[in-house]
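Given next are the chains, with one letter for each unit.
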Amino acid sequence: MNAAAAHYLEQCRALEAAGALPGRDAGWLQAQRDAALQRFETVGLPSQRDEDWKYTSIRPLTVKPFRNTVANGDARAAQVTPAHIEAARIDGLQSHRLVFIDGLFAEEFSDAVDAIATVDSADSAKPSDSDGGAGITVAPLAGLLDKTPERIEHTLGTVAPRCSHGFTALNHAGARDGAVVLLEPGARPHRPVELLFINAAVDAFAQPRNLVVAGANSAVHLIERHISVGAHAAFTNSVTEIALGDGAQVDYHLIQASSAAAHHVCGVWARLARASRFSCRTVTVGGRLVRNDLGAELAGENAHCDLFGLYAAGGAQHVDNHTTVTHAAAHCGSCEIYKGVLDQRARAVFHGRIVVAEGAQKTDATQTNNNLLLSRGAEIDTKPQLEIYADDVKCAHGATVGQLDADALFYLRARGLGEAQARRMLTFAFANDILGRIENEELRAALSDTLTARLAGGDAVDGGIDAGIDGGGKNVDGGGGKIDAGARAASNRESS
Amino acid sequence: MLEIKNLNASVEDKAILNGIDLAIQAGEVHAIMGPNGSGKSTLANVLAGRDGYEVTGGSVAYNGRDLLDMAPEIRAREGVFLAFQYPVEIPGVTNLYLLKASINAIRKHRGEAELNAVAFLKLIKEKAALVKMSEEFLYRSVNEGFSGGEKKRNEILQMALLEPAFSVLDETDSGLDIDALRSVAEGVNQLRAADRAMLVVTHYQRLLEYIVPDFVHVMHAGKIVRSGDRSLALELEREGYGWADENEPPETAS
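These notes cover the structure that comes with them.

Calculation criteria
Each residue is numbered by its place in its chain's sequence as written, counting from 1. Whichever chain is written first is A, and whichever ligand is written first is 1; the rest continue in order. Only residues with pLDDT of 70 or above have their local features reported here, since the model is predicted, and side-chain atom pairs are shown and tallied only from 80 upward, although totals for entire chains, interfaces and linings are computed over all residues. Side-chain numbers come from the whole structure's heavy atoms, not from hydrogens or water. Strand pairing requires that DSSP identify at least two bridges connecting the strands. By the criteria applied, helices consist of DSSP H or I runs no shorter than four residues and strands consist of E runs no shorter than two, each listed in order from the N terminus. Any two residues having at least one pair of non-hydrogen atoms within 4.5 Å are treated as being in contact. Each axis is a line fitted through C-alpha atoms, and for a helix only the stretch in contact is used; angles between axes span 0 to 180 degrees, taken between their N-to-C directions. A quick way to say it: buried area is the sum, across both parts, of accessible area lost when two parts are put together, with a 1.4 Å probe. We define a salt bridge as a contact between a side-chain nitrogen of Lys or Arg and a carboxyl oxygen of Asp or Glu at a distance within 4 Å. Within 3.5 Å is the distance limit for a polar contact, defined as a pair of N or O atoms, with the added protein rule that one can donate a hydrogen and the other accept it, and that residues adjacent in sequence qualify only through two side-chain atoms. Basically, the charged four are Asp, Glu, Lys and Arg, the nonpolar ten are Ala, Val, Leu, Ile, Met, Phe, Trp, Tyr, Cys and Pro, and anything else, Gly included, counts as polar. To qualify as a nonpolar core, a set must consist of buried Ala, Val, Leu, Ile, Met, Phe, Trp, Tyr and Cys residues joined through side-chain atoms within 4.5 Å. In this scheme, a residue with accessible area under 20% of its type's maximum is buried, one over 50% is exposed, and one in between is partly exposed, where area comes from a 1.4 Å probe on protein chains only. Annotation comment: domain bounds sourced from an automatic or database domain assignment. Each angle gets one of four labels, with under 35 degrees taken as roughly parallel, over 145 as roughly antiparallel, 65 to 115 as roughly perpendicular, and the rest as oblique. By definition, any crossing whose near helix is turned counterclockwise from its far helix by less than a right angle is left-handed, and any crossing with a clockwise turn is right-handed.

### Considering the sheet that holds strand β1 (residues 2-11) of chain B
Residues and elements named next belong to chain B.
Alright, step 1. Read across the sheet, 4 strands follow the order β2-β1-β4-β5 without closing on themselves; strand pairing throughout is antiparallel. Only two strands of the sheet have a single neighbouring strand rather than two, namely β2 (14-24) and β5 (65-66).
Alright, step 2. Here 8 bridges tie β1 to β2, and the two strands are oriented antiparallel to one another. Bridge pairing in β2 links valine 11 to lysine 14.
Alright, step 3. Of the strands in this sheet, β1, β2 and β4 (53-62) touch helix α1 (residues 40-48), which is tilted by about 110° from β1.

Written out as C-alpha cells, the structure is:
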C-alpha cells in the first residue's frame, strides 16, 4: 500500500477510533465496513496501470493530504452563511432539500425532515390526491443508522459493487453521512428531493453516501448537486445507491458544479427491477478532477434506463465518465447519450460499457458520445465497449470528435452574428441537446443559464478562436486536439 | 449601389473568376446565368465573404465602400444578404432564436434599439405570413429536417425580416418543384423596391419567369460574356449553353 492509500485508510480508522461513524450498534453495518476496509487494504488506490484508470491520474488526490473535517457546527457556520445557501437556490424550484457541508448533514440549512411527507401532501391540489406525499422518508444517513438502522439493513451497500475500485471501498468503510430516501410502494411525492453537497473547509475530505429505495410503482425526482463555497481545494468521494422496485420510476440528476480546485470521485449505482425506469442526467461543469462511475443494472424484464450526460470543461479540468449498463434480464432497453465540450487544456474521458448477459434476449441498447473540441490543447479519450453474450439483441454505439462546423459558422455570420456570438450559439446548441432532456423546467433553466454564462465567460469559448475551425470537419479525425484510437474505431456498428 | 470591377478570385489556388465587371443600381434586379462551373456561385460567395474564396484582384464597391474589406457579419449588417444555395442545418438553434439574434445584431449596428420578445414575435409572424410559411417552422431548429422547398422559403423569410438593401439569391430555384418555385418567387417579388437591388444567380430561365429581371448576364469561364435584357434569358432557354463550350460565344454584347 502506498503512502496516499495509507493516508486515506488512516482517515477512516481515525473516524472509527473516535466513534464518529454512525450506526455503531448495527452489527451488519460493522461487518460491511470491515469487509470494505479489507478490500481497500488489498486493492489500494487505482493507478494508471489499471485499464479503467489509464487516462486519469489521481495525482491531485495524492500530492495533497485531504483530511476529515471535525464535526463542529460553529466552524461550519462561519464558512457557510445563509446567504450562500440562498444563492445556491434554484430559481422557482420547490423541493425537499437536504444540505450537507463537507459530507455532514447541515440541519440548520435543511428542510425539516420529519415534516417532509406532510409538506408534500399539502402540495396536492385535490383532496383525493392528498396521499401524494405519504410514504416518503427523507433523512440523513447518520441519524437513521443511529436510530433505525434496520430500515436499510437489506439495501445499504447492496447496489454498489463490492469489487469496484478502491474509492468505492473507501466510501463503504468511512462514510459518515449522506441522504436516505425511502419510498413506500406507490408513493409519488410531488416535489423533487434535492440533495445539496457543499465543499466548504480548506482541504476537506468528504465521503457522503446516499441511498434511494424506490418501492414498487413509486416515482420520484432526485437532484444531487455538488457545489463549493470558496475556491480552495477539496476532495469528495461520494457513492449513491439507487434500488428501484417493480414499476418504479426514478428521475435522477447529478449536477457537478464545484470550484475549479475541488475534486470529486463519484459512484452512482442503480439496480432496476421489473418494468422500472431509471433516468439519469449527469451535468458536469465544475471541478478540477472529476471521475464518475455510473452503473445501471437492468435486473428485471422490461426495465429501461436513460443515461444522458453533459460535460463542459475548460482550464485544466479533467472529467472522466465511466459508465456500465448491464442488461441482466431480457426485454430491457437502454439509451445513453453523452456530450462533451472541451476548451483550453481540458481533458475528458468517456468509457461506455454495455454488457448483455446470456439470456438477456431482445435487448435494445444504444450509446452515443459526441465531443466538441474548442481548442488544440483539449483532449478526449473515448472508448465504447460492448460485451454481448446473448444472440438476439440490438446494440448500437457511436462516437464523434470534432470542431464547430465551419459552414454553420459562416451561415450565422452571414446573418449578421459576430464570430464569437456565432461560436457560442453553436456550442450552446450542441450542449443544450442534453439539457433539453431534463424535464424539470426550473432545473433546466438554471443549468441553461450556467452554461450560457460559462460560454460567455470569455476564456471558456473565445479563448479557443485560434483552434483550427479551418479544418471544418465535424467528423472524427477533424484535426486539432488529440483523439484516442478508440474513437476512430467507433463508427456506428450494429450487431443483431 | 454595387460596382464590381475586374474581380478575380480563386478557390484552392484555382482561378474561378477572371475579371468580372458589373454595376448594379438601386431598384434593379440582375440575373446571372451560365453553365455549371462558370463561376456563378463563386461570385455569390465572394460577395458574401465566405472563407476559402480568395480575391486575387479587382474591387467591389458597395455604396462607395470597399465590400471585400468587410467581415461577413459586417456585410450582413450593412444590408448585404446571401440566400444560400444549400442552407445549413443547425440542430439545437431554433429558427426564432436565430432570427431574433440576427435582426437585433443588424439593428444594433444601425444604432436602433433591439426588439424585445413581444415586438419581435409580432414582426416575425407578419413576415412568415408574407412568405406563406407556417409558424410551426419558427419553433423548429434552423433548417433541420426541412424539405428543399422549406429551406429555400426559410431563406426568403430571413430576407423578408432583415430587409436587405442588396440581396444575392444563389440558385434559389434548385431543387424546387413548380409550386414551391412560384411561392418562393412571390416572396422575393414582394421585397422588390426602388431602394433595393438583387442579384439572382440561376442555371435555368424558369425562375426568371417569376422573378423578372431588368438585366440578364451570361457567365462563362469566370467572365461575363454577354449582357442584355430578359429576352437574353429566353434565347438561352432555346439554344442552351452549348455555345459556351466553343471558344467564342455567338455574339458579345458587353
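### What to know about the interface of chain A and chain B
Alright, step 1. Counting from both sides, the interface comprises 17 residues of chain A and, opposite them, 29 residues of chain B.
Alright, step 2. Taken over both partners, the interface formed by chain A and chain B buries close to 1800 Å², and the fraction arising from carbon and sulfur atoms is 65%.
Alright, step 3. For the chain A face of the interface with chain B, the top three residues by lost area are Phe410(A), Tyr411(A) and Arg415(A), together amounting to 43%.
Alright, step 4. Along the contact surface separating chain A from chain B lie 3 salt bridges.
Alright, step 5. The shortest N-O distance in the salt bridge between Arg50(B) and Asp407(A) comes to 3.0 Å.
Alright, step 6. Linking chain A with chain B are 10 residue pairs in polar contact (both at pLDDT 80 or more), by the criterion used here.
Alright, step 7. Residue contributions to the side of chain A that touches chain B peak at 6 residues, all from helix α9 (residues 406-413) of chain A.
Alright, step 8. Its residues assigned to classes, the side of chain A that touches chain B shows 9 nonpolar, 3 polar and 5 charged.

### Points about the nonpolar core
Generally speaking, a soluble globular protein has its nonpolar side chains buried in company with each other.
Alright, step 1. Counting residues in each nonpolar core, the largest one holds 70 residues, and the members touching the most others are Leu2(B), Ile4(B), Leu43(B), Leu47(B), Ile90(B), Phe166(B) and Leu199(B).
Alright, step 2. Two domains each provide a minimum of three residues to this core, namely domain 1 (3-300) and domain 2 (410-477) of chain A.
Alright, step 3. The residues touching Phe166(B), leaving out its near neighbours within four places in the chain, are Met1(B), Leu2(B), Ile24(B), Leu47(B), Tyr62(B), Gly79(B), Val80(B), Phe81(B), Ala197(B), Met198(B) and Leu199(B).

### Things to note about the packing of helix α2 (residues 27-43) of chain A against helix α8 (residues 166-174) of chain A
Residue and element names in this part refer to chain A.
Alright, step 1. Across the interface, α2 lies against α8 with an axial gap of 8 Å and an inter-helix angle of 150°. The pairing of α2 with α8 is recorded here as roughly antiparallel in orientation. Handedness of the α2/α8 crossing: left-handed. In this structure, α2 contributes Arg33, Ala36, Leu37, Arg39, Phe40 and Val43 to the contact, and α8 contributes Gly166, Ala169, Leu170, His172 and Ala173.
Alright, step 2. Taken together, the residues of the contact of α2 with α8 sort by class into 7 nonpolar, 2 polar and 2 charged.

What is shown is where atoms sit, not what they do.
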